[in-house]
Amino acid sequence: MECSNKKFTLHLFYSTNYAFFVGVTTHMELSKTAFLSNLAQLIPMPDCNQSPRNMYQCQMGKQTMGTPCHNWDLQSETKLYRLQTPSTPLFRPVHHDNIFLDDFAMGTNAIVAVISYTGYDMEDAMIINKASEERGLAHGSIYKSEFIELDHPTSYFARDPDAKNLSQYMDSDGLPYVGRKISNDEPLYCFYDCDKSTYVVKMVKGKEECYLHSVKLCGRVEVKSPCKIACLTYRVPRNPSVGDKFASRAGQKGICSQKWPAEDLPFTETGLVPDIVFNPHGFPSRMTIAMMIEIMAGKSAALHGLVHDATPFRFTEEDTAIDYFGRLLEQGGYNYYGTETMYSGIDGREMTAQIFFGVVHYQRLRHMVSDKWQVRSTGPTDILTRQPLKGRRRGGGVRFGEMERDSLISHGASFLLQDRLLHCSDETTAFICTSCGTLLGPVTEIIEMADKPHHSETKETCRLCGHGKNISEIKIPYIFKFFVTQLASCNINVRLKCQEI
Ligand SMILES: [Zn+2]
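Rules used throughout
Residues numbered from 1 in each chain as written. Predicted model: local features only at pLDDT ≥ 70, side-chain atom pairs only at ≥ 80, totals over all residues. Heavy atoms only, no water. Helix = DSSP H or I, 4+ residues; strand = E, 2+ residues; numbered from the N terminus. Buried < 20%, exposed > 50% of the residue type's maximum accessible area, 1.4 Å probe, protein only. Contact = heavy atoms within 4.5 Å. Donors = N, O, S within 2.8 Å, 3.2 Å for Na, K, Ca; no water. Tetrahedral: all angles 85-135°; square planar, octahedral: opposite > 155°, others 65-115°. Phe/Tyr/Trp six-rings, centres within 6.5 Å; stacked < 30°, edge-to-face > 60°. Lys NZ or Arg CZ within 6 Å of the ring centre and 35° of its normal. Pairing = 2+ DSSP bridges. Patch = residues over 30% accessible without salt bridge, like charges linked within 9 Å, V, L, I, M, F, W, Y side chains within 5 Å. Areas by Shrake-Rupley, 256 points an atom, 1.4 Å probe, with all protein chains shown as cover. Salt bridge = Lys/Arg side-chain N within 4 Å of Asp/Glu carboxyl O. Lys, Arg positive; Asp, Glu negative; His and termini not counted. Charge placed at Lys NZ, Arg CZ, Asp CG, Glu CD. Domains from an automatic or database assignment. Arc of directions from axis to C-beta. Core = buried A, V, L, I, M, F, W, Y, C linked by side-chain atoms within 4.5 Å.

1. Points about the overall build of the chain
When helices and strands are tallied, the chain shows 10 helices and 22 strands. Taken along the three principal axes of its C-alpha coordinates, the chain extends 110 × 70 × 60 Å. Residues counted as buried form 40% of the 501 residues belonging to the chain. Put simply, of all contacts in the chain between residues at least 6 apart along the chain, 66% involve residues at least 24 apart.

Laid out in structure tokens, this is it:
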């Protein structure tokens with residue numbers, strides 16, 4: 001931090017001196033970028049972007065996986081996201097170095113080909129080179145901590161000495177071994193319950209596969225009684241998978257749609273295969289010129305072994321960034337426009353179009369499919385309405401609202417509609433009296449059989465008609481029956497016109 005202050009004062013000194021020599025101004029901003037926030041100052045050349053894109057990046061900058069701390073073993077934060085293989089951007093504003101962001105790196109340099117390839121990169125989806133992913137591109141993990149508290153004041157953590165097989169899961173202190181792979185439905189920890197005077201073994205419940213990163217006992221050293229709180233930190237491996245979110249620093253976010261085999265991806269004359277295939281249709285409407293500049297700057301930086309300054313307002317209409325980096329590329333033997341001849345990875349033929357190709361700093365965002373996927377056929381239901389519960393963790397359903405219903409009707413998908421809204425929802429069998437058309441009329445009587453003891457039969461009669469001649473079974477959503485009863489409580493009768501089919 002000391003160093004950062006020095007830099008700051010130095011900057012101030014220059015600015016004030018400048019004002020003094022010119023003699024025109026009395027007040028002056030410290031720098032042209034002083035009005036930008038910390039996040040905005042990390043965007044490369046935001047002056048070349050359409051302003052909403054810069055605002056999107058300010059949002060996404062907060063959602064990137066990176067290096068939130070260095071003391072991973074001491075942390076007990078509920079959830080921490082870590083990028084395993086970060087790298088420093090080759091095109092970055094001075095602010096990046098002013099705040100020493102390299103010490104808390106949060107992105108990866110990817111070789112990007114701007115090409116519409118395979119069709120799997122439609123609508124902001126992007127293709128990741130499978131070989132790059134396997135070599136560590138955007139690998140990451142989540143650190144989750146959990147506190148275990150023993151209720152009884154004299155209970156303590158200990159492994160049951162009589163249970164022999166427990167030793168493969170936990171140490172003699174009753175807590176799992178550090179570094180152990182944690183799988184569902186196996187013993188996690190053990191403690192002596194003084195209330196019941198027995199050892200209690202707790203199992204792993206509802207966890208995805210992870211590793212035990214650390215175990216910490218919480219309590220005061222001077223107090224002689226055993227510790228009753230333990231903090232278990234798990235490390236969940238989260239390497240990129242199809243459906244995970246990525247973004248460049250120009251608000252160009254996208255979902256990984258495929259991990260494409262490297263041999264099937266296009267390659268350049270030198271044999272370079274892209275890490276990421278970015279669809280060129282993402283450019284015209286978004287107008288993220290800064291990302292185009294970054295592709296060229298990143299490429300020339302890699303070429304000459306430099307890091308280029310991406311602070312805004314450094315270039316002008318006369319002296320453009322594109323020209324500057326274009327000339328640098330030319331000096332390195334590349335095309336002035338940053339394009340390259342590429343060959344199809346499928347048949348090896350030369351492509352007719354020149355492909356824009358370079359290095360972009362990509363961020364991995366913390367929205368991952370494995371946290372969001374949801375599926376349901378049948379499952380837990382609400383007691384009152386008998387309709388599916390909501391919520392991913394409970395195995396609930398995704399809301400199928402009126403708009404979704406209208407959509408299926410318009411497609412003529414009536415069987416699908418019935419499946420979702422009846423069979424997989426609150427389907428029930430109800431009795432209906434077809435003579436009076438009521439659902440509430442039929443009552444079930446249990447008739448004991450005189451000749452067969454402990455044997456009974458049921459008989460439906462309509463209490464409105466006084467007989468059970470026209471009672472039949474129908475399948476209806478339970479909520480309809482519920483609605484009819486509620487209307488009855490308001491003195492409204494519902495009559496259904498029935499037709500034999
Ligand atoms: Zn009736």
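2. Looking at the coordination of the zinc ion
Within the protein, the zinc ion binds to Cys433 (SG), Cys436 (SG), Cys462 (SG) and Cys465 (SG); these donor distances fall in the range 2.2 to 2.3 Å. Of note is the zinc ion, whose 4 donor atoms meet at the metal with angles of 106 to 114 degrees in an arrangement that counts as tetrahedral. Within one chain, the residues serving as donors to the zinc ion are arranged as C-x2-C-x25-C-x2-C. Note that Cys433 is positioned in strand 19 (residues 427-433) and Cys462 in strand 21 (residues 456-462), a separation of 29 residues in sequence. The residues Cys433 and Cys462 share a single accessibility class, namely buried.

3. Overview of the packing of aromatic side chains
Applying the stated criterion across every chain yields a total of 14 aromatic pairs. Note on Phe267 and Tyr343: the rings are 5.7 Å apart at their centroids and 20 degrees apart in plane angle, and the pair reads as stacked. Here the residue Phe267 occupies a position in strand 14 (residues 267-268), and Tyr343 occupies one in strand 17 (residues 339-343), the gap between them amounting to 76 residues. Since its relative accessible area comes to 29%, Phe267 is described here as partly exposed. Overall, Tyr343 belongs to the buried group, its relative accessible area being 18%. Among the aromatic residues, ring-to-ring pairing joins Phe91, Phe315, Tyr324 and Phe325 into one connected group. One Lys or Arg, Arg386, reaches over the ring of Tyr478 and ends 3.9 Å from the middle of that ring. We note Arg392 situated over the ring of Trp373; from NZ or CZ to the ring centre the distance is 5.8 Å.

4. Considering the sheet that holds strand 5 (residues 140-149)
For sheets, the rule is that strands pair by backbone hydrogen bonds, running either parallel or antiparallel. Ordered by their spatial adjacency, 5 strands build an open sheet running 1-5-11-10-7, and the pairing between neighbours is antiparallel. This sheet does not close on itself; its edge strands, each paired only once, are strand 1 (79-83) and strand 7 (181-182). In terms of strand pairing, strand 10 (residues 210-218) meets strand 11 (residues 229-237) through 7 bridges, oriented antiparallel. Within strand 11, the residue paired with Leu217 across the bridge is Ala230.

5. Digging into a positive patch on the surface
Side chains of Lys79, Arg366, Arg392 and Arg393 sit close together on the surface and give a patch of like positive charge. You can see Arg393 is positioned in the loop between helix 7 (369-372) and helix 8 (402-411).

6. Observations concerning the domain arrangement of the chain
Looking at the assigned domains, one finds that the chain contains domain 1 (1-30), domain 2 (32-72 + 86-139 + 241-364), domain 3 (141-237) and domain 4 (372-489). Between the C-alpha centres of domain 1 and domain 2 the distance comes to 33 Å.

7. As for helix 6 (residues 321-331)
Those residues of helix 6 not exposed but buried are Ala321, Phe325, Gly326, Leu328 and Leu329. Projected down its long axis, helix 6 shows its buried positions confined to an angular sector of 160 degrees, all on one face. The secondary structure elements touched by the buried residues of helix 6 are strand 2 (91-92), helix 5 (289-304) and strand 16 (308-309). Gly333, located one to two residues past helix 6, shows a positive phi value of around 90 degrees.

8. Points about helix 2 (residues 51-60)
Buried within helix 2 are the following residues: Arg53, Asn54, Gln57, Cys58 and Met60. Down the axis of helix 2, the buried set is contained in an arc of 165 degrees. They therefore lie on one face. Where helix 2 is buried, its residues meet strand 12 (245-248), strand 13 (253-260) and strand 18 (350-364).

9. Some points on the nonpolar core
One finds Val112, Phe325 and Tyr362 to be the most contacted residues of the largest nonpolar core, which totals 29 residues. For this core, the secondary structure elements donating two or more residues are strand 3 (108-114), strand 4 (125-129), strand 15 (276-278), helix 5, helix 6 and strand 18. Here this core takes 6 residues from helix 5, the largest share from any one element. Apart from residues no more than four positions distant in its own chain, Val112 is found in contact with Pro274, Ile276, Phe278, Phe356, Phe357, Gly358, Val360 and Tyr362.

10. As for the pairing of strand 9 (residues 198-203)
Where strand 8 (residues 187-193) meets strand 9, 6 bridges bridge the pair, whose relative direction is antiparallel. Among the inter-strand pairings, Phe191 is bridged to a residue of strand 9, identified as Val200. Between strand 8 and strand 9, which pair antiparallel and follow one another directly, the connecting turn spans 4 residues, one of which, Ser197, has a positive phi of 55 degrees.

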